[in-house]
Amino acid sequence: MYDSRLRLSNQVADEVNKHFQQMVFKTIIQRNVKLSEAPRLRPACHIYDAESRGTVNYLNLRRN
């Protein structure tokens, strides 16, 4: 999961894009507390919190 506030996240994203180029999806899954909570509580993230930013990111990835 990506957090734009962290230098390490930005560096990793740059390296992945540089190395894999066209094989990288354009959709970014942003770090989100709801995504971290969902597996512990067992429902899928889209059931646990369909409105969370992370869930929306995953749905956008699925559409692409």
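Residues numbered from 1 in each chain as written. Predicted model: local features only at pLDDT ≥ 70, side-chain atom pairs only at ≥ 80, totals over all residues. Heavy atoms only, no water.

Regarding the environment of N32
Convention followed: We count a stretch as a helix when DSSP gives it H or I for four or more residues in a row; a strand needs E for two or more, and each element gets its number in order from the N terminus. Each residue gets one of three labels from its accessible area relative to the maximum for its type: buried under 20%, exposed over 50%, partly exposed in between, using a 1.4 Å probe on protein chains only. The contact definition used throughout considers only heavy atoms, calling two residues in contact when any of these lie within 4.5 Å.
Within the element layout of this structure, N32 appears in the loop between α1 (7–20) and α2 (33–41). The exposure class of N32 is buried, given its relative accessible area of 14%. Distance from N32 to T55, taken between C-alpha atoms, is 8.9 Å for residues 23 residues apart in sequence. Residue contacts for N32: discarding those within four places in its chain leaves M1, S52, R53 and G54.

Re α1
We apply this condition: Here a helix's expected span is defined as the number of its residues, less one, multiplied by 1.5 Å.
With 14 residues, α1 ought to run about 20 Å at 1.5 Å a step, and its terminal C-alpha atoms sit 20 Å apart, in line with that. Downstream of α1 by one or two residues, Q21 has phi in the positive range, about 45 degrees.

As for unusual backbone geometry
The backbone of Q21 shows a phi angle near 45 degrees, a positive value even though the residue is not glycine. Among the secondary structure elements, Q21 is positioned in the loop between α1 and α2.

Quick look at the environment of N60
Relative to the elements of secondary structure, N60 occurs in helix α4 (residues 53–63). A relative accessible area of 29% places N60 in the partly exposed class.

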